[in-house]
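Take a look at the letters that make up each chain.
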Amino acid sequence: MASALEQLKASGTVVVSDSGDFASIGKYKPQDATTNPSLILAATKKPEYAAVLDAAIAQVKGQPGSIDDKVDSALDNLLVQFGKKILEIIPGKVSTEVDAAFSFDTKKSVDKALHIIELYEKEGISKDRVLIKVASTWEGIKAAEILQRDHGINTNLTLMFSLVQAIAAAEAGAFLISPFVGRILDWYKAATKKDYSKEEDPGVASVKAIFNYYKKYGYKTIVMGASFRNTGEITELAGCDYLTISPNLLEELLNSSEAVPKKLDAAGASALNIEKKTYINDEPAFRFDFNEDQMAVEKLREGISKFAADAVTLKGIIKAKLQ
């Protein structure tokens, strides 16, 4: 019997590793990998990654500028060095995140993305192997639109909790989106004080709704479910374009022989009765409709704050080593 992981891949889903721990990635043979400031922070605390951190800092020690400028440069170098190591293991693309502090600034997000791509190209890595991760705020979606249209840089719109965000992302021409599953479940469990089976999981339902909308209306943007709390959420999304999965859940799937039938079907979506909406040229409508979803508003705010805080912690570690 094939493992649940092999069955998931056989359903048509591309498996992606959600980890900065590049030593563990190869075992599961993912096509792509995703990182974020929290994952990089966790990895840098492990002794086996000290050399990567030290190398990123060494690159900026002789540079002119203030200590804060050097810290920012070293953090960019660190993100790219992790990405480079991951790309030595996987055949596809790595996602590298723009500082969440720029989540409400389109220009700074674009400028930082261009700088990250420049750093990758200096390492001999072409931009077609990198996805720039940006939060799915209005400003982040507009940054993705500019990066895709004007620079040919592929984007991954992350911290996505609603169909409103997903529609705007597709209209922006984003290469890929990361609708979150587990964090939606967390919110509903806290709000309703009840447990949910995998079949009624609200995070799973959210990704299914986005997948069906995209397939019905022919959007090419890849739907990559993210942020899983258990393997049930993953197997309920078998057939989704991509799923990005943490190493501990990849290990569970590898060791499971549970049947994983295909649950999401692009062909069936065309027959569904789904209203078409547009947001990309209507910021007030986007903001109003997004604001109507309390869960999405709260989880986006929380996610941005957490990623920004972990970036600050990383900068603190770098600053201490620079001084």
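Just above, that's the structure.
Residues numbered from 1 in each chain as written. Predicted model: local features only at pLDDT ≥ 70, side-chain atom pairs only at ≥ 80, totals over all residues. Heavy atoms only, no water.

Novice: Which residues make up the nonpolar core, and what values go with them?
Specialist: L78, I132, L157, I177, Y214, L237 and I245 are the most contacted members of the largest nonpolar core, which totals 99 residues. Setting aside anything within four residues of it in sequence, one finds L157 in contact with V134, A135, S136, G140, I141, A144, A169, A174, L176, I177 and S178. Counting residues in hydrophobic clusters, the runner-up holds 7 residues, among them V14, V16, I222 and Y242. (Core = buried A, V, L, I, M, F, W, Y, C linked by side-chain atoms within 4.5 Å. Buried < 20%, exposed > 50% of the residue type's maximum accessible area, 1.4 Å probe, protein only. Contact = heavy atoms within 4.5 Å.)

Novice: Residue-level account of helix 4 (residues 50-58), with values.
Specialist: Taken residue by residue, helix 4 has V52, L53, A56 and I57 as its buried positions. Looking down the long axis of helix 4, one finds its buried residues gathered within 135° of arc, a one-sided arrangement. Facing away from the buried side of helix 4 by more than 90 degrees, the exposed set consists of A51 and A58. Looking at the packing, one finds that the buried side of helix 4 touches helix 2 (22-25), helix 5 (67-87) and helix 15 (294-322). (Helix = DSSP H or I, 4+ residues; strand = E, 2+ residues; numbered from the N terminus. Arc of directions from axis to C-beta.)

Novice: Could you give an account of the side chain of K133, naming the residues involved and the relevant values?
Specialist: Summarising the element assignment, K133 is placed in strand 4 (residues 130-135). With relative accessibility at 5%, the residue K133 sits in the buried group. One polar contact links K133 to E97, side chain to side chain, over a distance of 3.4 Å. Setting aside residues no more than four positions away along its own chain, K133 makes contact with T34, T35, N36, S95, T96, E97, V98, N156 and T158. (Polar contact = N/O pair within 3.5 Å; in protein donor to acceptor, adjacent residues only side chain to side chain.)

Novice: Describe the sheet that holds strand 6 (residues 176-179), naming the residues involved and giving the relevant values.
Specialist: An order of 1-2-3-4-5-6-7-8 is seen for the 8 strands of this closed barrel, with the pairing classed as parallel. Sheet twist, expressed as the mean angle between neighbouring strand axes with direction ignored, is 30°. For strand 1 (residues 14-18) and strand 8 (residues 242-245), the ladder comprises 4 bridges, and the chain directions are parallel. By the bridge assignment for strand 8, S17 is matched with I245. (Pairing = 2+ DSSP bridges. Axes fitted to C-alpha atoms, helices over the stretch in contact; angles between N-to-C directions.)

Novice: Quick rundown of the packing of aromatic side chains? Include the residues and the values.
Specialist: Evaluated as defined, the whole model comprises 11 aromatic pairs. For the ring pair Y213 and Y219, a centre distance of 6.3 Å and an interplane angle of 10° mean the geometry is stacked. Y219 shares its class with Y213; the two are buried. Through a chain of ring-to-ring contacts, three or more aromatic side chains come together here, namely W138, Y279, F286 and F290. A cation over an aromatic ring shows up here: K216 above the ring of Y217, its NZ or CZ 5.8 Å from the ring centre. (Phe/Tyr/Trp six-rings, centres within 6.5 Å; stacked < 30°, edge-to-face > 60°. Lys NZ or Arg CZ within 6 Å of the ring centre and 35° of its normal.)

Novice: Please give an account of the pairing of strand 4 that cites residues and values.
Specialist: Most of strand 4 is tucked away, with 6 of its 6 residues classed as buried. Burial along strand 4 is two-sided: the residues V130, I132 and V134 and L131, K133 and A135 are all buried. Taken together, strand 3 (residues 94-97), helix 6 (residues 106-122) and strand 4 constitute a β-α-β crossover, and its handedness is right-handed. As paired strands, strand 4 and strand 5 (residues 155-160) are joined by 4 bridges and run parallel to one another. Bridging across to strand 5, K133 finds its partner in N156. Crossover handedness for the path strand 4 to helix 7 (residues 138-151) to strand 5: right-handed. (Right-handed = clockwise from strand over helix to strand, strands pointing away.)

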